[in-house]
Amino acid sequence: MIENAVVAGTKPGTAEQIGPRQTGRGAARRAVLFEELVELLISEGFAQLTLDDIAARLHCSKRTLYGLAGSKEQLVRAVVVHFFRRATGRVEAATAAERGPARRLAAYLGAVAAELAPLSPQFFDDLADFEPAAEVYERNTRAAAARVGQLIEEGVTDGVFREVHVAFAAEVITSVMVRIQQRQVAAATGLADAAAYGHLAELLLHGLVREE
């Protein structure tokens, strides 16, 4: 789900560079406005909101919004990229704070679930239907699956986890995480994405950790 590379090496003019510019007049106001935009969209979704609606909700002008991005589509993608960039740091910080492969794996997946928890069902539905933003979520999902594979490999190497086939385990995990991202798990089980990640963490830990 979450990774740094998704916003690294971006091309000039792409949505990854759009958002709260950090220099120039009004930079502080733009940063605050962008954070308010993020909170609005993740809480309520974006498909039904026009730029006029967004401007009214944020108590600003459309001209001000165009200072952040050239269109609603660019604004939405910038919000999604910003959300995952910010979440990446917090997930990795939570993981680094733990010692031992089992605790680190639990921390990673738990932090992913915590980051996804504030996102509304409407936001997830809109995200799935908007290809530019869905692609960002998918890339982050696959990167997160790879990260989980690394954590499992660390545990196997340290003798904390069972001698599982790491590549196979990573493939299974990737499949589940992609199904979560594509809303297939929600459709089949009714689970929110955050809850699905919580259950995945439980299954992994119970299946991997060696019995004392």
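Please read all numbers here as calculations on a predicted model, not as lab measurements. (Residues numbered from 1 in each chain as written. Predicted model: local features only at pLDDT ≥ 70, side-chain atom pairs only at ≥ 80, totals over all residues. Heavy atoms only, no water.)

Turning to helix α7 (residues 131-157), a few remarks are in order. With 27 residues, α7 should reach 39 Å at 1.5 Å per residue; the first-to-last C-alpha distance of 39 Å fits that figure. Positive phi appears at G159, one or two residues downstream of α7, with a value of about 80°. (Helix = DSSP H or I, 4+ residues; strand = E, 2+ residues; numbered from the N terminus. Expected span 1.5 Å × (residues − 1).)

Contact pair helix α5 (residues 101-116) / helix α10 (residues 193-208): the axes reach a minimum separation of 7 Å and the direction vectors enclose 170°. In terms of orientation, α5 and α10 fall into the roughly antiparallel class. Of α10, the residues touching α5 (which contributes A102, L105, A106, L109, V112, A113 and L116) are D193, A194, Y197, G198, A201, L204, L205 and L208. Taken together, the residues that form the contact of α5 with α10 break down as 13 nonpolar, one polar and one charged. (Axes fitted to C-alpha atoms, helices over the stretch in contact; angles between N-to-C directions. Parallel < 35°, antiparallel > 145°, perpendicular 65-115°, else oblique. Contact = heavy atoms within 4.5 Å. Nonpolar A, V, L, I, M, F, W, Y, C, P; charged D, E, K, R; others polar.)

Under the definition given, this model contains 12 salt bridges. Across the pair R147 and E92 runs a salt bridge, and its minimum N-O distance is 3.1 Å. One end of the pair, R147, is in helix α7; the other, E92, is in helix α4 (residues 72-96), with 55 residues separating them in the sequence. Note on R147: relative accessible area 16%, which makes it buried. A salt bridge links D125 to R183; the nearest nitrogen and oxygen atoms lie 3.5 Å apart. One end of the pair, D125, is in helix α6 (residues 121-129); the other, R183, is in the loop between α8 (166-181) and α9 (184-189), and 58 residues separate them in sequence. Assessed through its relative accessible area of 36%, D125 is described here as partly exposed. Since its relative accessible area comes to 15%, R183 is described here as buried. (Salt bridge = Lys/Arg side-chain N within 4 Å of Asp/Glu carboxyl O. Buried < 20%, exposed > 50% of the residue type's maximum accessible area, 1.4 Å probe, protein only.)

Counting residues in hydrophobic clusters, the biggest one holds 61 residues, and the most contacted among them are L105 and I152. For this core, the secondary structure elements donating two or more residues are α1 (27-44), α2 (51-58), α4, α5, α6, α7, α8 and α10. In contact with L105, not counting residues within four places along its chain, are V148, L151, I152, F161, L204, L205 and L208. (Core = buried A, V, L, I, M, F, W, Y, C linked by side-chain atoms within 4.5 Å.)

This brings us to the confidence of the model for the chain. Looking at the chain, the pLDDT average stands at 83 and 87% of residues meet or exceed 70. Every residue in residues 2-20 is under pLDDT 50, and counting partners more than four places away or in other chains gives 41 contacts. (pLDDT = per-residue confidence, 0-100.)

What follows deals with the packing of aromatic side chains. Counting across every chain of the model gives six aromatic pairs. Geometrically, the ring pair formed by F123 and F124 is edge-to-face, given 6.3 Å between the ring centres and 65° between the ring planes. Here F123 and F124 have matching classes, each one buried. One aromatic cluster in this structure is built from F46, F83, F84, F123, F124, F130 and Y137. (Phe/Tyr/Trp six-rings, centres within 6.5 Å; stacked < 30°, edge-to-face > 60°.)

Now for the environment of L205. The topology assignment puts L205 in helix α10. It is 9.8 Å that separates the C-alpha atoms of L205 and I152, two residues lying 53 residues apart in sequence. Sequence-distant contacts of L205, defined by excluding residues within four places in its chain, comprise A102, L105 and A106.

The next point concerns the packing of α5 against α7. Axis separation between α5 and α7 bottoms out at 8 Å; the angle between their running directions is 165°. Regarding the angle of α5 to α7, the classification is roughly antiparallel. Handedness of the crossing formed by α5 with α7: left-handed. Residues P101, R104, L105, Y108, L109 and L116 of α5 form the contact with α7, whose participating residues are Y137, A144, R147, V148, L151, I152, E154 and G155. Classifying every residue of the contact of α5 with α7 gives 10 nonpolar, one polar and three charged. (Left-handed = near helix turned anticlockwise from the far one by under 90°.)

Take unusual backbone geometry next. Of note, H59 is a non-glycine position whose phi angle comes to about 55°, a positive value. Structurally, H59 can be placed in the loop between α2 and α3 (62-66). Note on H59: relative accessible area 73%, which makes it exposed. Here R183, not a glycine, exhibits a phi torsion of approximately 70°, which is positive.

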